[in-house]
Amino acid sequence: MNTAYVALGANLGKPLDQLNQAITLVNKLSDTTVVAAASIYQSVAIGPGEQPDYLNSAAQIVTELNPSELLAALHAIEDALGRVRTVHWGERTLDLDLLLYENYISTAPILTVPHPRMNGRNFVIYPLLEIAPTLVLPNGESIKTVAQKLVNKGIQRKNSFNPQRMQWIN
Ligand code: ROI
């Protein structure tokens, strides 16, 4: 069994509904189980133009899928939940990013793990810190050190996750 971490984000449609559907689908992937999910964090959009705030979270999973299979499965869930790919870095109905997969490192453009921009984003690192406070990244840096370098601004913790129901509660 391999432990992996996935970031979830949405800022169009009904973001909380999409995240709840997404976590259910991730948990239903073959040979994959959601072990923990962080609270929902509402965060100001970074990126071009005016965008609604995002809802972000992170999940810890165990899986027998390999990194490329897992990434493909996450993309399939994005597509199933109607992600519209328009502007690069634009608003989206659902974004699922593979952050970490064991201590695997890949710099291939189609599968970059660890996620290349995760360390600079409080909306990725804060949820990750919540579910994996002792995590050490493949480069040897601890999640706590990464979190301490970030500015606690433009982000608010919201809904907590109910693991029995596999849902964030409204
Ligand atoms: N901004 C926030 N706050 N949260 C996201 O998940 C997010 N995702 C993105 C871009 C457009 C970079 N901005 C974001 O892909």
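The structure under discussion appears in the preceding block.
This report concerns the structure included in the present document. (Residues numbered from 1 in each chain as written. Predicted model: local features only at pLDDT ≥ 70, side-chain atom pairs only at ≥ 80, totals over all residues. Heavy atoms only, no water.)

Most of strand β1 (residues 2-10) sits out of view: seven of its nine residues are buried. Summarising the sheet, β1 and strand β4 (residues 54-63) pair through nine bridges and their orientation is antiparallel. Following the sheet pairing, N2 is matched in β4 by T63. Relative to strand β5 (residues 95-101), β1 is paired through six bridges, and the arrangement is antiparallel. (Buried < 20%, exposed > 50% of the residue type's maximum accessible area, 1.4 Å probe, protein only. Helix = DSSP H or I, 4+ residues; strand = E, 2+ residues; numbered from the N terminus. Pairing = 2+ DSSP bridges.)

I23, L70 and W168 are the most contacted members of the largest nonpolar core, which has 32 residues in total. Of all the secondary-structure elements, those providing two or more residues to this core are β1, α1 (15-28), β2 (32-37), β4, α2 (67-80), β5 and β7 (111-113). A58, F123, I125 and A132 belong to the second largest nonpolar core, which has 22 residues in total. (Core = buried A, V, L, I, M, F, W, Y, C linked by side-chain atoms within 4.5 Å.)

Examined against the element boundaries, N56 turns out to sit in strand β4. A polar contact of 3.3 Å, which involves the side chain of N56, links it to the backbone oxygen of L8. Side chain to side chain, N56 and S43 meet in a polar contact 2.7 Å long. For N56, the residues in contact, after removing those within four places along its chain, are L8, G9, S39, I40, Y41, S43 and F123. (Polar contact = N/O pair within 3.5 Å; in protein donor to acceptor, adjacent residues only side chain to side chain. Contact = heavy atoms within 4.5 Å.)

Taken as a whole, this structure holds two aromatic pairs when the rule is applied. Ring geometry for Y101 against Y104: centres 6.1 Å apart, planes inclined by 70°, an arrangement best described as edge-to-face. Of the residues examined, Y104 reaches a relative accessible area of 34% and is grouped as partly exposed. (Phe/Tyr/Trp six-rings, centres within 6.5 Å; stacked < 30°, edge-to-face > 60°.)

Each α-helix winds once per 3.6 residues, and so residues spaced three or four apart point in a common direction. For helix α3 (residues 122-131), the tally of buried residues reaches eight of ten residues, placing the bulk of the element in the interior. Every buried residue belonging to α3 is among N122, F123, V124, I125, Y126, P127, L128 and I131, and all of these are buried.

On to α1. Taking 1.5 Å of rise per residue, 14 residues should cover 20 Å, and α1 covers 20 Å from first to last C-alpha, within 8% of that figure. Those residues of α1 that sit buried are P15, L16, Q18, L19, N20, A22, I23 and V26. (Expected span 1.5 Å × (residues − 1).)

With that settled, consider the environment of A76. Residue placement: A76 occurs in helix α2. According to the relative accessible area criterion, A76 is partly exposed, its value standing at 44%. Separated by 51 residues in sequence, A76 and L25 have C-alpha atoms that sit 10.0 Å apart.

Shape is all these values report; function is a separate question.
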